[in-house]
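Listed here are the chains, written in short residue letters.
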Amino acid sequence: MPELTPSSSLPESSRSVTPETETPETSLETNTVASAVAKTDDRSAKARQLLGMKGAQSGETSIWKIRLQLMKPITWIPLIWGVVCGAASSGNYTWTLENTLISAACMLLAGPLLTGYTQTLNDFYDREIDAINEPYRPIPSGIISLPQVVAQILVLLVSGIGIAFVLDQWADHSFPIITILALGGSFLAYIYSAPPLKLKQNGWLGNYALGASYIALPWCTGHALFGDLNWTIVLLTLFYSLAGLGIAVVNDFKSVEAIAS
Amino acid sequence: MFGIGTAAWICVLMIDIFQSGIAAFLIHIHQNLYAVLLVLLIIPQITFQDMYFLRDPLKNDVKYQASAQPFLVLGMLVTALALGNAGT
């Protein structure tokens, strides 16, 4: 759920870059099979890096790849799924070309734009801790400058809110519920990562914010886009998000593990 | 705050109880078929909790997530389809 994806979708837990350990030592290998395996490992490490997953390789230099890495694409999946659920629960979704394009725009809003914003923002506010614990990450390693990161955060946020507004227009909402949900979610992402609140430092509240962001927010957005968002759906998805809270806490076990080792 | 074992149990209970609560709601709105499907998707999660996570939470957390989450995620879609069907 939050981490509703297999390995890791939470800002806290999906640390993306692992240094040397993942780099195969090809120079010591004369065996061709072993070096072929090493090559595959190398390629998958690069893919993992782009997706923002654990066990990635460091040393990337292209600014666009760094930007994508900051947005942690692997974590977009559960949000996109949430939009699908919302469209389904609205009961009004039909497979027309128009609806398909509109739901794709809503997925773009939930995944790349606003989750991308959330992840980049989280790395931005974690830069000082990361400089100590994970100095090879994009921001502390200095591979991307701070003004560039801030620009990325603002561009993602503004485009996200912009698309939300357009979707409200499409759906003829007299009350701009999708824009409000997008603004609310963006604000939640801010107080999750940024001082003085830093919700993520509060285990239960922070993890519930995550659970709700991964389940209730995209679900309600998808539902509002194709149907009428009502309190039953809001409360039910917030209830479902409590299962997401459990998942988010399970993800914290990884950090415990890291500290222990 | 809690020991590892207790924390693992709290997580597992939250995951199971709240999904079961959703299944109960689906029965309440007379979406019995979907409720049964949801319960059938919760059972493998409980199995993986017992097989992996609760036995060694620190070692098996990732393996548990990878095994159990597809079922939780499918349960969300089942619930969504039930709600759409009921016109909630």
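An account of the accompanying structure is given in this report. This structure is a prediction, so every number in the text was calculated from the model and none was measured.

Scoring rules and cut-offs
Residues numbered from 1 in each chain as written. Chains lettered and ligands numbered in written order. Predicted model: local features only at pLDDT ≥ 70, side-chain atom pairs only at ≥ 80, totals over all residues. Heavy atoms only, no water. Helix = DSSP H or I, 4+ residues; strand = E, 2+ residues; numbered from the N terminus. Buried < 20%, exposed > 50% of the residue type's maximum accessible area, 1.4 Å probe, protein only. Contact = heavy atoms within 4.5 Å. Areas by Shrake-Rupley, 256 points an atom, 1.4 Å probe, with all protein chains shown as cover. Axes fitted to C-alpha atoms, helices over the stretch in contact; angles between N-to-C directions. Parallel < 35°, antiparallel > 145°, perpendicular 65-115°, else oblique. Left-handed = near helix turned anticlockwise from the far one by under 90°. Nonpolar A, V, L, I, M, F, W, Y, C, P; charged D, E, K, R; others polar. Phe/Tyr/Trp six-rings, centres within 6.5 Å; stacked < 30°, edge-to-face > 60°. Expected span 1.5 Å × (residues − 1). 1 Å grid on protein atoms, 1.4 Å probe; cavity = no way out; pocket = protein on both sides within 12 Å on 5 of 7 lines; lining within 4 Å. Points joined across faces, edges and corners; volume = space filled by probe spheres on them. Core = buried A, V, L, I, M, F, W, Y, C linked by side-chain atoms within 4.5 Å. Salt bridge = Lys/Arg side-chain N within 4 Å of Asp/Glu carboxyl O.

Let us look at the overall build of chain B. Broken down by element type, chain B carries three helices and zero strands. Ordered by position from the N terminus, the helices and strands of chain B form the series α-α-α. In chain B, which comprises 88 residues, the share counted as buried stands at 49%. In chain B, of all internal contacts separated by at least 6 residues, the share reaching a separation of at least 24 is 62%. A total of about 4,200 Å² of accessible surface is found on chain B, and carbon and sulfur atoms cover 71% of it.

Our next topic: the packing of helix α4 (residues 97–125) of chain A against helix α7 (residues 177–193) of chain A. All names here are of chain A. Two elements in contact, α4 and α7, have axes separated by 9 Å at closest approach and are oriented at 20°. In terms of axis orientation, α4 runs roughly parallel to α7. For the element pair α4 and α7, the recorded crossing hand is right-handed. Of the residues in α7, those touching α4 at L109, L114, Y117, T118, L121, N122 and Y125 are I178, A182, S186, A189, Y190, Y192 and S193. The residue makeup of the contact of α4 with α7, split by class, is ten nonpolar, four polar and no charged.

A separate point is the packing of aromatic side chains. Within a pair of aromatic rings, the relevant descriptors are the distance that separates the centres and the angle that separates the planes. Counted according to the given criterion, the structure contains eleven aromatic pairs over all chains. Measuring from centroid to centroid gives 5.0 Å for A:F239 and B:F18, while their planes differ by 80°, and the two rings are edge-to-face. Placement of the pair is A:F239 in helix α10 (residues 231–260) and B:F18 in helix α1 (residues 4–28), with the two residues belonging to separate chains. Relative to B:F71, the ring of B:F48 has its centre 6.1 Å away and its plane inclined at 40°; by these criteria the two rings are tilted. Placement of B:F48 in helix α2 (residues 32–53) and of B:F71 in helix α3 (residues 57–86) is noted, with a sequence separation of 23 residues between them. For B:F48, a relative accessible area of 17% translates into the label buried. Within the aromatic cluster, the residues linked to one another by ring pairs are A:Y93, A:W95, A:W170 and A:F226.

With 25 residues, α1(B) should reach 36 Å at 1.5 Å per residue; the first-to-last C-alpha distance of 36 Å fits that figure. Count one or two residues on from α1(B) and you reach B:H30, which has phi positive near 65°.

Our next topic: empty space enclosed by the protein. All names here are of chain A. Taken as a whole and assessed by the stated rule, the structure comprises one cavity of 30 Å³ or more. In this structure, the largest cavity spans a volume of roughly 370 Å³. In terms of lining residues, the largest cavity is bounded by 24 residues, among which L79, T118, G185, S213 and L217 are the most central. Mapped by element, the contributors of at least two residues to the lining of the largest cavity are α4, α7, α8 (203–214) and α9 (216–226). Among the residues forming the lining of the largest cavity, the class breakdown is 17 nonpolar, seven polar and no charged.

Within the element layout of this structure, B:L37 appears in helix α2. Between the C-alpha atoms of B:L37 and B:L74, which are 37 residues apart in sequence, the distance is 9.7 Å.

Here we take up the nonpolar core. In this structure, A:I178, A:W219, B:L26, B:L38, B:F53 and B:Y64 are the most contacted members of the largest nonpolar core, which totals 82 residues. It is α10(A) that contributes the most residues to this core, eleven residues altogether. With sequence-adjacent residues up to four places away left out, B:F53 is seen in contact with A:V250, A:F253, B:A8, B:C11, B:V12, B:F48, B:N60, B:D61 and B:Y64.

Residues and elements named next belong to chain A. The full count for this structure, using the stated rule, is six salt bridges over all chains. For D123, the salt bridge is made with R137, and the minimal N-O distance between the two is 2.8 Å. Here D123, found in helix α4, pairs with R137, found in the loop between α5 (127–133) and α6 (146–170); they are 14 residues apart in sequence, far enough to count as distant. Given the relative accessible area of 3%, D123 is considered buried. Of the charged contacts in the structure, one is a salt bridge between D126 and K198, with a shortest N-O distance of 3.8 Å.

By themselves these figures say nothing about function.
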